[in-house]
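Here are the chains, one letter per residue:
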Amino acid sequence: MFQDLRFGLRMLWKNPGFSLIAILTLALGIGANTGIFSVVNALILRPLPYPDSERLVWVEEVSKQTGDSRPAWGGHFLAWQQQSQTLAGIAAIDSSTRTLTGAGEPERVEVGQVSAGCLPVLGKQPLPGGRNFSAAEDSPGGARVAILSHGLWQRRFGGVQDVIGKPITLNDASFTVIGVLPADFRFFYRFDVLVPLALDPQQQLAGEIR
């Protein structure tokens, strides 16, 4: 084995160009396999970190004209929410990046815009002392309220208990903090702040759905 190893090393040393290509190919292959396994492990092999995660489904609309899939939105989602007879609950999620100001230097944060039923569907609630979004807040013109991630609460506000009721500013709009997420809570995406999605019932997507 040692003789074969020495012979292989000599051959690689004699052909540096081939050796470099072989090493880069191996590195790229190993890196790609590691990345793919990480995604498969997180989404398929390892259960999602929610109660009864095997009952969670992702629902999209499919256009009859083009066959393209897309998330349900506006009035379509609200119709699903009101008329569904097979789902125990249904929620919508969107995302944006905004600037958080106040209580320190300005900071770009990931904001999750979620319907009021999002946390209950996932079987989670804010820490004691906080609360979820109400139906009135999750409607056009509703009060501007926010739920902080545990990480942002610790990093930006020092984990103080009286953060509930405090104002924060996102893109020059003021929101009142009504809750903090548990430390072990993880979304599909990394969100620093949650705010109500407040879908407009009159907003419809063009084209028929099936």
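Preceding block: the structure.
Keep in mind that what you see is a predicted model, and the values were worked out from it rather than measured. (Residues numbered from 1 in each chain as written. Predicted model: local features only at pLDDT ≥ 70, side-chain atom pairs only at ≥ 80, totals over all residues. Heavy atoms only, no water.)

## A short note on the packing of aromatic side chains
Formally: Pairing of aromatic side chains requires ring centres within 6.5 Å, counting the rings of Phe and Tyr and the six-membered ring of Trp. Pairs whose planes differ by under 30 degrees are stacked, by over 60 edge-to-face, and all others tilted. For every residue, the accessible area obtained with a 1.4 Å probe (protein chains only) is divided by the maximum for its type, and the residue is called buried under 20%, exposed over 50%, and partly exposed between those limits.
This structure, assessed with the given rule, holds 2 aromatic pairs. Taking the centre distance of 5.0 Å and the plane angle of 90 degrees together, the rings of Phe 185 and Phe 187 count as edge-to-face. Between the aromatic rings of Phe 187 and Phe 191, the centroid separation amounts to 5.4 Å while the plane-to-plane angle is 70 degrees, which identifies the pairing as edge-to-face. The exposure class assigned to Phe 187 is buried, which follows from its relative accessible area of 11%. The exposure class of Phe 191 is buried, given its relative accessible area of 10%.

## Remarks on the environment of Gly 89
Rules: Per the convention used, a helix needs a DSSP run of H or I reaching at least four residues, while a strand needs a run of E reaching at least two, with both numbered from the N terminus.
Tracing the backbone through its elements, the reader meets Gly 89 in the loop between helix 3 (74-83) and strand 3 (93-101). For Gly 89, a relative accessible area of 36% corresponds to the partly exposed category. Each C-alpha atom of the pair Gly 89 and Gly 117 lies 7.3 Å from the other, and the pair is 28 residues apart in sequence.

## A closer look at the side chain of Asn 132
Applicable threshold: Each polar contact in these results corresponds to two N or O atoms within 3.5 Å; when the atoms are within protein, one needs to be able to donate a hydrogen and the other to accept it, and residues that are neighboring in sequence are counted only if both atoms are side-chain atoms. We call two residues contacting when some pair of their heavy atoms lies within 4.5 Å.
Here Asn 132 shows up in the loop between helix 4 (118-121) and strand 5 (145-148). Engagement of the side chain of Asn 132 in a polar contact is seen with the backbone oxygen of Ala 116, the distance being 2.7 Å. Sequence-distant contacts of Asn 132, defined by excluding residues within four places in its chain, comprise Ala 116, Leu 119, Pro 120, Gln 125, Pro 126, Glu 137, Ile 147 and Ile 178.

## So, unusual backbone geometry
You will see that Asp 172, though not glycine, has its phi angle at about 70 degrees, which is positive. Tracing the sequence through the fold places Asp 172 in the loop between strand 6 (167-170) and strand 7 (173-180). Positive phi is not limited to glycine here, since Ala 198 has a value of about 50 degrees. Tracing the backbone through its elements, the reader meets Ala 198 in the segment after strand 8 (193-196). Looking at Ala 198, the relative accessible area reads 27%, which means it is partly exposed.

## Regarding the pairing of strand 3
What counts here: Should DSSP find at least two bridges between two strands, the strands are regarded as paired.
Note that strand 3 and strand 4 (residues 107-114) share 8 bridges and pair antiparallel. By the bridge assignment for strand 4, Ser 95 is matched with Gly 112. Pairing between strand 3 and strand 6: 2 bridges, direction antiparallel. If you follow Thr 101 over to strand 6, its bridge partner there is Thr 169.

## Looking at the sheet that holds strand 4
Definition in use: Axes, fitted as lines to C-alpha atoms, cover a helix only where it is in contact. Angles between the N-to-C directions of the axes lie from 0 to 180 degrees.
One closed barrel holds the 6 strands; their spatial order is 3-4-8-5-7-6, and the pairing between them is mixed. Across this sheet, the average inter-strand angle for adjacent strands is 45 degrees, counted without regard to direction. Pairing between strand 5 and strand 7: 4 bridges, direction parallel. Counted as the bridge partner of Val 145 is Thr 176 from strand 7.

## Side note on the pattern of salt bridges
This is how the line gets drawn: We count a salt bridge whenever a side-chain nitrogen from Lys or Arg sits within 4 Å of a carboxyl oxygen from Asp or Glu.
Enumeration according to the criterion identifies 4 salt bridges in this entry. Arg 131 serves as the salt-bridge partner of Glu 137, at 2.6 Å between the closest nitrogen and oxygen. With a relative accessible area of 37%, Arg 131 lands in the partly exposed category. Close ionic contact of Arg 190 with Asp 192 constitutes a salt bridge, the shortest N to O distance being 2.8 Å. Assessed through its relative accessible area of 5%, Asp 192 is described here as buried. Salt bridges sharing common partners tie together Glu 107, Arg 155 and Arg 156.

## Re helix 5 (residues 150-157)
For an α-helix the count is 3.6 residues per turn, leaving residues at separations of three or four pointing the same way. Here is the rule we go by: Working note: the arc is built from the helix axis to C-beta atom directions.
The complete set of buried residues in helix 5 reads His 150, Leu 152, Trp 153, Arg 156 and Phe 157. Across the axial projection of helix 5, the buried residues extend over an arc of 165 degrees, all falling on one side. Against the buried residues of helix 5 lie strand 3, strand 4, strand 5, strand 6, strand 7 and strand 8. Note on helix 5: the residue one or two positions beyond its end, Gly 158, has a positive phi of about 65 degrees.

## Some remarks on the layout of surface pockets
In plain terms, the rule: Cavities and pockets are found on a 1 Å grid laid over the protein atoms alone: a cavity is a set of points where a 1.4 Å probe fits but cannot escape, a pocket is an open set with protein on both sides within 12 Å along at least five of seven lines, and a lining residue has an atom within 4 Å of such a point. Grid points are joined across faces, edges and corners, and a volume is the space filled by probe spheres set on the points. In this classification, the charged set is Asp, Glu, Lys and Arg, the nonpolar set is Ala, Val, Leu, Ile, Met, Phe, Trp, Tyr, Cys and Pro, and all remaining amino acids, among them Gly, are polar.
As a volume, the largest pocket reaches approximately 880 Å³. Along its surface, the largest pocket is lined by 31 residues, and Val 57, Trp 58, Ile 90, Ala 91 and Val 121 are the ones closest to its centre. Those elements that provide at least two residues to the lining of the largest pocket are helix 3, strand 3 and helix 4. Taken together, 15 residues form the lining of the second largest pocket, with Ser 149, Phe 185, Arg 186, Arg 190 and Phe 191 sitting closest to its centre. The residue makeup of the lining of the second largest pocket, split by class, is 8 nonpolar, 3 polar and 4 charged.

Purely spatial values, then, with no claim about function.
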